[in-house]
Amino acid sequence: MNSKFLGTGVALVTPFKSDQSIDHDALANIVNFNIENGTDYLVICGTTGESVTITKQEKMQVVETISKVNNGRLPMVLGIGGNNTAEIIKEIQATDLTDIDAILSVSPYYSKPTQEGIYQHFKAISEISPVDIILYNVPGRTSKNMEAQTTLRLANDFKNIIAVKEAGNKTSQYLQLIKNKPEDFLIISGDDDLALGVTLAGGAGVISVIGQAFPAAFSKMIRLGLEGKAKEAYSIHYRLMDVVDYIFEENNPAGIKAVFEALDLCRDTVRLPVVPASGQLKEKIRTFVKEF
């Protein structure tokens with residue numbers, strides 16, 4: 001089993017200064033904060049990293065900063081996905097993946113392909129990728145569910161497709177995947193609220209949004225889950241439950257950036273069409289952080 005991706009991966013934010021440029025110092029601080037507090041691997045330029053509103057050049061700079069700070073301490077996963085298969089192939093071929101352990105590739109959005117279309121899309125990516133691939137199913141954003149049988153078909157057919165980040169928020173689909181997966185294929189939760197339950201059911205852990213703000217508590221919870229220690233793990237889950245709801249109440253990553261602002265790790269600046277969290281939500285978040 002690919003133990004590199006067992007436990008807690010964090011979907012890192014891309015911090016911005018007030019002028020909307022990337023705040024590389026804040027990014028470095030967040031990366032160190034996570035490495036020092038028990039996070040198991042880093043996920044770069046996913047949805048939470050505002051991948052759709054950063055340029056290719058900025059993406060390279062973000063990877064460079066994280067790579068330098070990380071200095072080989074944790075495995076790194078890079079988001080490269082979209083709904084234009086040919087473009088993704090081109091991007092993978094043009095990207096320096098020396099320090100990257102796997103790519104996270106989202107199921108095609110907007111185009112609404114059939115299950116066969118999704119299969120062929122990932123088959124084409126698998127055939128050219130020099131690194132392992134983690135599939136990413138997030139129907140709330142793509143408007144199309146990658147069904148369990150499609151994920152399992154890909155898992156069985158391609159050696160370098162090693163995991164799925166499943167974020168359909170559907171327990172039945174998680175359980176279907178865990179029950180029928182090849183032995184060494186990882187089912188990673190992409191839903192912070194379900195992560196512990198999925199881990200206890202036989203999942204490999206989580207790629208988390210909230211985990212990067214409370215890495216010590218969150219990664220401990222997932223570790224306990226992997227050890228089957230449900231009672232201790234749930235006591236942490238209940239402490240974090242409210243803030244998980246808060247960060248997704250309006251928009252991700254506006255919510256998590258509001259948490260980081262309360263922790264004094266970065267500003268809450270986001271890029272349009274995303275807007276910062278409302279005053280009301282920020283107040284709830286600040287109160288939570290203070291009490292936690």
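Source: prediction; values computed, not measured. (Residues numbered from 1 in each chain as written. Predicted model: local features only at pLDDT ≥ 70, side-chain atom pairs only at ≥ 80, totals over all residues. Heavy atoms only, no water.)

### Things to note about the overall build of the protein
When helices and strands are tallied, the protein shows 12 helices and eight strands. Here the C-alpha radius of gyration of the protein, 18 Å, is about what a compact globule of 292 residues would show, namely 19 Å. Overall, the C-alpha framework of the protein stretches about 50 × 45 × 35 Å when taken along its three principal axes. For the protein, the residues scored as buried account for 55% of the 292 residues in total. Of the contacts made within the protein by residues no fewer than 6 positions apart, 71% connect residues no fewer than 24 positions apart. With the model as given, the accessible surface of the protein reaches about 12700 Å², and the carbon-plus-sulfur share is 49%. One finds the centroid of the 29 positive side-chain charges in the protein at a distance of 2 Å from the centroid of its 35 negative side-chain charges. (Helix = DSSP H or I, 4+ residues; strand = E, 2+ residues; numbered from the N terminus. Rg over C-alpha atoms; globule rule 2.2 N^0.38 Å. Buried < 20%, exposed > 50% of the residue type's maximum accessible area, 1.4 Å probe, protein only. Contact = heavy atoms within 4.5 Å. Areas by Shrake-Rupley, 256 points an atom, 1.4 Å probe, with all protein chains shown as cover. Lys, Arg positive; Asp, Glu negative; His and termini not counted. Charge placed at Lys NZ, Arg CZ, Asp CG, Glu CD.)

### Section: the packing of aromatic side chains
Enumeration according to the criterion identifies six aromatic pairs in this entry. Considering the side-chain rings of F5 and Y41, the 5.1 Å spacing of their centres and the 80 degrees angle between planes classify their relative orientation as edge-to-face. Taken as a pair, F5 in the segment before strand 1 (7-11) and Y41 in strand 2 (residues 41-44) lie far apart in primary sequence, 36 residues in all. On the basis of relative accessibility, which here comes to 0%, the residue F5 falls in the buried class. In this structure Y41 comes out as buried when scored by relative accessible area, which is 0%. One aromatic cluster is present, built from ring pairs that chain together F214, F288 and F292. (Phe/Tyr/Trp six-rings, centres within 6.5 Å; stacked < 30°, edge-to-face > 60°.)

### Some words on helix 9 (residues 215-226)
Between its first and last C-alpha, helix 9 extends 16 Å over 12 residues, near the 16 Å set by a 1.5 Å rise per residue. The inward-facing, buried residues of helix 9 contact strand 1, helix 1 (24-36), helix 8 (195-200), strand 8 (205-208) and helix 10 (230-249). Residue G228 follows helix 9 closely and has a positive phi angle near 75 degrees. (Expected span 1.5 Å × (residues − 1).)

### Thoughts on the nonpolar core
Grouped together as the largest cluster of nonpolar side chains are 80 residues, with contacts concentrated most on I44, I66, I210, F214 and V259. Setting aside chain neighbours within four positions, we find I66 in contact with L12, L27, V31, L42, I44 and M76. Grouped together as the second largest cluster of nonpolar side chains are 18 residues, A11, V77, V138 and A167 included. (Core = buried A, V, L, I, M, F, W, Y, C linked by side-chain atoms within 4.5 Å.)

### Description of the side chain of K59
Looking at the element boundaries, K59 is found in helix 2 (residues 56-70). In this structure, K59 is in contact with C45, I54, L78, G79, I80 and E91, ignoring residues within four places of it in sequence.

### Considerations on the packing of helix 6 (residues 148-157) against helix 7 (residues 171-180)
Running from N to C, helix 6 and helix 7 point in directions that differ by 30 degrees, and their axes come no closer than 10 Å. Our classification of the angle between helix 6 and helix 7 gives roughly parallel. Taken as a pair, helix 6 and helix 7 cross one another with a handedness that is right-handed. Residue-level inspection shows A148, T151 and L152 of helix 6 in contact with helix 7, the latter providing Q173, Q176, L177 and N180. Here the contact of helix 6 with helix 7 is built from residues that sort into three nonpolar, four polar and no charged. (Axes fitted to C-alpha atoms, helices over the stretch in contact; angles between N-to-C directions. Parallel < 35°, antiparallel > 145°, perpendicular 65-115°, else oblique. Left-handed = near helix turned anticlockwise from the far one by under 90°. Nonpolar A, V, L, I, M, F, W, Y, C, P; charged D, E, K, R; others polar.)

### Digging into the pairing of strand 7 (residues 186-189)
Covered by surrounding structure in strand 7 are L186 and I188 together with I187 and S189, the residues of both alternating faces. Pairing analysis gives four bridges linking strand 6 (residues 161-166) to strand 7, with the strands arranged parallel. Paired with E166 across the two strands is S189, which belongs to strand 7. Assessed by its sense of winding, the connection that carries the chain from strand 6 through helix 7 to strand 7 is right-handed. (Pairing = 2+ DSSP bridges. Right-handed = clockwise from strand over helix to strand, strands pointing away.)

Interpretation in functional terms is not warranted from these geometric data alone.
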